[in-house]
Amino acid sequence: AQSVTQLGSHVSVSEGALVLLRCNYSSSVPPYLFWYVQYPNQGLQLLLKYTSAATLVKGINGFEAEFKKSETSFHLTKPSAHMSDAAEYFCAVVLSGGYNKLIFGAGTRLAVHP
Amino acid sequence: GAVVSQHPSWVICKSGTSVKIECRSLDFQATTMFWYRQFPKQSLMLMATSNEGSKATYEQGVEKDKFLINHASLTLSTLTVTSAHPEDSSFYICSAPVQPAREQYFGPGTRLTVT
């Protein structure tokens, strides 16, 4: 069965510092992987997705993620954090077998300090 | 990109009453929509899959008689919380997949508070 594990429920960085949010997946088939961001009291916004094309995926707001099959990882990075990046980030995998069900990780709350 | 709306954005109701939440795909058709609930500081939990023209599919542990789902058209799914209790207070979010990319677009969520 597919699953995702996000390491670190809280990550705190200084403005301008590198952002690294970790996600490991478990899947017996080639996975479709996503990163979503959620601001307080809002729905989820798609940051980027991996669908078996390029292993390095660029998304919105300067974020990118690299799919590493050998490490079963799909970590999210951004070279320089902005205050506006403070939010909850979710890694997700599409459940195989149809219907496009998403399985979410527990989420990582990113805090950005001046 | 595709837009999904929800109405209302927040609602307060008394214990024992029912509340209906609407989820609409504004610029695309969605034969399938998903309903999630999210407790404070927690991840999203899939409640059910809403299927246009047929019965919804509920996840294990979700009471289908309490959370009624109707997918009346290709752009509208509704979630009705029947006989609401305070423990039903939560943030309810819907989503719809856009083919063939398999990505899902999420509504802005509905905050339900049962007093």
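Residues numbered from 1 in each chain as written. Chains lettered and ligands numbered in written order. Predicted model: local features only at pLDDT ≥ 70, side-chain atom pairs only at ≥ 80, totals over all residues. Heavy atoms only, no water.

Student: Hey, could you run me through the overall build of chain B in this one?
Tutor: Helix and strand counts for chain B stand at 0 helices and 11 strands. Listing every helix and strand of chain B by position from the N terminus yields β-β-β-β-β-β-β-β-β-β-β. Over its C-alpha atoms chain B spans a radius of gyration of 13 Å, differing by no more than 12% from the 13 Å that the globule rule assigns to 115 residues. Surface accessibility of chain B: about 5600 Å² in total, with carbon and sulfur atoms responsible for 53%. (Helix = DSSP H or I, 4+ residues; strand = E, 2+ residues; numbered from the N terminus. Rg over C-alpha atoms; globule rule 2.2 N^0.38 Å. Areas by Shrake-Rupley, 256 points an atom, 1.4 Å probe, with all protein chains shown as cover.)

Student: Looking at this model, I keep getting lost on the pairing of strand β8 (residues 73-78) of chain A. Mind explaining?
Tutor: Residue and element names in this part refer to chain A. The buried fraction of β8 is high, at 5 of 6 residues. Direction of pairing for strand β3 (residues 19-26) relative to β8: antiparallel, over a ladder of 4 bridges. The residue of β8 that forms the bridge with Leu21 is Leu76. With 5 bridges joining them, strand β7 (residues 64-68) and β8 adopt antiparallel strand pairing. When the sheet's bridge partners are listed, Glu64 is paired in β8 with Thr77. The antiparallel pairing of β7 with β8 creates a hairpin that spans 4 residues between the two strands, and Thr72 there sits at a positive phi of about 45 degrees. (Buried < 20%, exposed > 50% of the residue type's maximum accessible area, 1.4 Å probe, protein only. Pairing = 2+ DSSP bridges.)

Student: Would you explain the state of the cysteines in this entry?
Tutor: Note on terminology: a disulfide is the covalent bond linking the sulfur atoms of two cysteines. Residues and elements named next belong to chain A. Per the counting criterion, the structure on display carries 2 disulfides over all chains. Paired through a disulfide, Cys23 and Cys91 show a sulfur-sulfur distance of 2.0 Å. On the sign convention where negative is left-handed, the bridge of Cys23 and Cys91, at about -65 degrees about the S-S bond, is left-handed. Of this pair, Cys23 sits in strand β3 while Cys91 sits in strand β9 (residues 87-94); the two residues are 68 residues apart in sequence, bridging distant segments of the chain. (Disulfide = S-S within 2.5 Å.)

Student: Help me out: how do you make sense of the packing of aromatic side chains in this one?
Tutor: Think of a pair of aromatic rings as described by two things: how far the centres are apart, and how the planes are tilted against each other in angle. For the coordinates displayed, the defined rule picks out 12 aromatic pairs over all chains. With centroids separated by 5.7 Å and ring planes inclined at 40 degrees, the aromatic side chains of B:Tyr36 and B:Phe106 adopt a geometry described as tilted. With B:Tyr36 in strand β4 (residues 32-38) and B:Phe106 in strand β10 (residues 103-106), this residue pair connects regions lying 70 residues apart in the sequence. Considered together, B:Tyr36 and B:Phe106 belong to a single accessibility category, that of buried residues. Centroid distance B:Phe67 to B:Tyr92: 6.4 Å. Interplanar angle 45 degrees. Geometry classified as tilted. In this pair, B:Phe67 is assigned in strand β7 (residues 67-73) and B:Tyr92 in strand β9 (residues 90-98), connecting sequence segments 25 residues apart. For the pair B:Phe67 and B:Tyr92, a shared accessibility class is recorded, and that class is buried. By the ring-pair criterion, three or more aromatic residues cluster together here, those being A:Phe34, A:Tyr36, A:Phe90, A:Phe104, B:Tyr36 and B:Phe106. (Phe/Tyr/Trp six-rings, centres within 6.5 Å; stacked < 30°, edge-to-face > 60°.)

Student: Help me out: how do you make sense of the interface of chain B and chain A in this one?
Tutor: Interface size is commonly expressed as the accessible surface area that is lost when the partners come together. Each partner contributes residues to the interface: chain B has 21 residues there, and chain A has 20 residues. Taken over both partners, the interface formed by chain B and chain A buries close to 1800 Å², and the fraction arising from carbon and sulfur atoms is 53%. It is B:Arg102, B:Glu103 and B:Phe106 in chain B that bury the most area against chain A; as a group they hold 31% of the surface buried on that side. On the surface where chain B and chain A come into contact, there are 2 salt bridges. The partner of B:Glu59 in a salt bridge is A:Lys101, and the shortest N-O contact between them spans 2.7 Å. (Contact = heavy atoms within 4.5 Å. Buried area = accessible area lost by both parts, 1.4 Å probe. Salt bridge = Lys/Arg side-chain N within 4 Å of Asp/Glu carboxyl O.)

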